[in-house]
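# Notes for the structure review
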Amino acid sequence: MSIETRSLIEQRLREAGLKVTPQRYAVLDYLWRHRTHPTADEIEAAVNYRFPCASRATVYNTLHALREAGLVQEIYVRGGVTRYDIRLEPHHHFVCRRCGRLEDISAVVVQVEAPDLFAERTVESFDVVVHGLCAACRRNEVEPSS
Ligand SMILES: [Zn+2]
Ligand SMILES: [Zn+2]
């Protein structure tokens, strides 16, 4: 772990008005290094490995605080468990219905360009989850291995 990454994470916490605690740091650090959209259970296991005293409730509370502060994004997958992502550059998600793989897709794919639709409302953020078959599963479907 480089010193730059460490201070960047601490800076993000402070900018969001959160105190830098070992648990918050550990969760953000894990999400920073694992862009695989882990579940809360996976994050808990990883954080516990470093802080054996971190209870499940602590990890869930930490994730909640980070989400409220806009540092972490929750991704709801139809029929699946909630997954987590560090919020860096805006992006959307693609979930494979066969293998469950969750991939980042560019935010420019979808844009909120219908002002009438939101008339008196203010759009602050929106999340898009696109469902389908990932490249690997599509290949298997087109050329089934017999
Ligand atoms: Zn797949
Ligand atoms: Zn993502």
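Residues numbered from 1 in each chain as written. Chains lettered and ligands numbered in written order. Predicted model: local features only at pLDDT ≥ 70, side-chain atom pairs only at ≥ 80, totals over all residues. Heavy atoms only, no water.

### Quick look at the packing of aromatic side chains
Where we set the bar: Side-chain rings of Phe, Tyr and Trp (the six-membered ring for Trp) are treated as a pair once their centres are within 6.5 Å; stacked means planes under 30 degrees apart, edge-to-face means over 60, and tilted covers the remaining angles. For a Lys NZ or an Arg CZ to count as sitting over a ring, it must be within 6 Å of the ring centre and within 35 degrees of the ring normal.
Here the structure, examined in full by the defined rule, presents zero aromatic pairs. Sitting above the plane of the Tyr25 ring, Arg6 keeps its charged end 4.3 Å from the centroid. In this arrangement the basic side chain of Arg35 is found over the ring face of Trp32, its NZ or CZ atom lying 5.9 Å from the centre.

### Things to note about the pattern of salt bridges
Spelled out, the test is: A pair is scored as a salt bridge if a Lys or Arg side-chain nitrogen falls within 4 Å of a carboxyl oxygen belonging to Asp or Glu. Helix and strand assignments follow DSSP, with helices taken as H or I runs no shorter than four residues and strands as E runs no shorter than two, numbered in order from the N terminus. Burial here depends on accessible area, computed with a 1.4 Å probe over protein chains only, as a share of the maximum for the residue type. Under 20% is buried, over 50% is exposed, and the range in between is partly exposed.
Taken as a whole, this structure holds 10 salt bridges when the rule is applied. One salt bridge in this structure joins Glu10 and Arg14, with 3.8 Å as the shortest N-O distance. A residue pair is termed a helical-turn pair when its members lie 3 or 4 positions apart in one helix, as Glu10 and Arg14 do in helix H1 (residues 3-15) at four residues. In this structure, Arg101 engages Glu103 in a salt bridge whose closest nitrogen and oxygen atoms are separated by 2.6 Å. Judged by its relative accessible area of 47%, Arg101 is partly exposed. A cluster of three or more residues bridged by salt bridges with shared partners is formed by Arg6, Glu10 and Arg14.

### Quick notes on the coordination of the zinc ion (ligand 1)
Put simply, the rule is: Each metal site is built from N, O and S donor atoms within 2.8 Å (3.2 Å for Na, K and Ca), and since water is not included, such sites may look incomplete. Any site counts as irregular unless it has four donors with all angles between 85 and 135 degrees, making it tetrahedral, or four or six donors with opposite ones more than 155 degrees apart and the rest between 65 and 115, making it square planar or octahedral.
At this site the zinc ion (ligand 1) is bound by Cys96 (SG), Cys99 (SG), Cys134 (SG) and Cys137 (SG), with donor distances of 2.3 Å. For the zinc ion (ligand 1), the four donor atoms in the first shell make angles of 105 to 113 degrees at the metal, so the coordination geometry reads as tetrahedral. Summarised as a motif, the one-chain spacing of the donors to the zinc ion (ligand 1) is C-x2-C-x34-C-x2-C. Taken as a pair, Cys99 in the loop between strand S3 (91-96) and strand S4 (102-106) and Cys137 in helix H6 (residues 135-142) lie far apart in primary sequence, 38 residues in all.

### Quick notes on the coordination of the zinc ion (ligand 2)
Within the protein, His37 (NE2), Asp85 (OD), His91 (NE2), His93 (NE2) and Asp104 (OD) serve as the donor atoms for the zinc ion (ligand 2), at 1.9 to 2.2 Å. Note on Asp85: relative accessible area 3%, which makes it buried.

### Let's talk about the domain arrangement of the chain
Selection rule: Throughout, the edges of the domains are those of an automatic or database domain assignment. Contacts were defined at the residue level, with two residues in contact if any of their heavy atoms lie within 4.5 Å. The term buried area means the drop in 1.4 Å probe accessible area that two parts suffer when joined, counted for both and summed. Definition of a polar contact: a pair of N or O atoms within 3.5 Å, with one able to donate and the other able to accept a hydrogen when the atoms are protein atoms, and with sequence-neighbouring residues admitted only if both atoms are side-chain atoms. Basically, the charged four are Asp, Glu, Lys and Arg, the nonpolar ten are Ala, Val, Leu, Ile, Met, Phe, Trp, Tyr, Cys and Pro, and anything else, Gly included, counts as polar.
For the chain, the assigned domains are domain 1 (1-88) and domain 2 (89-146). Once you take the C-alpha centre of each, domain 1 and domain 2 turn out to be 23 Å apart. On the side of domain 2, 12 residues touch domain 1, which itself brings 10 residues to the contact. Summing the contributions of domain 1 and of domain 2, the shared interface buries around 980 Å²; its carbon and sulfur component is 50%. Looking at the side of domain 1 facing domain 2, the largest losses of area belong to His37, Gln73 and Leu88, adding up to 38% of the total buried there. At the boundary of domain 1 with domain 2, the tally comes to five residue pairs in polar contact (both at pLDDT 80 or more). When residues of the side of domain 1 that touches domain 2 are traced back to their parent elements, those giving at least two are strand S1 (72-75) and strand S2 (83-86). Residue composition of the side of domain 1 that touches domain 2, by class: four nonpolar, two polar and four charged.

### Brief notes about the nonpolar core
In plain terms, the rule: Take the buried residues of types Ala, Val, Leu, Ile, Met, Phe, Trp, Tyr and Cys, join any two whose side-chain atoms come within 4.5 Å, and each joined set is a nonpolar core.
Counting residues in hydrophobic clusters, the biggest one holds 22 residues, and the most contacted among them are Leu28, Ile43, Leu63 and Leu66. Secondary-structure elements contributing two or more residues to this core are H1, helix H2 (22-33), helix H3 (40-50), helix H4 (56-68) and S2. A per-element tally of this core places H2 first, with seven residues. Residues in contact with Leu66, not counting those within four places in the same chain, are Leu13, Leu18, Arg24, Val27, Leu28, Leu71 and Val72.

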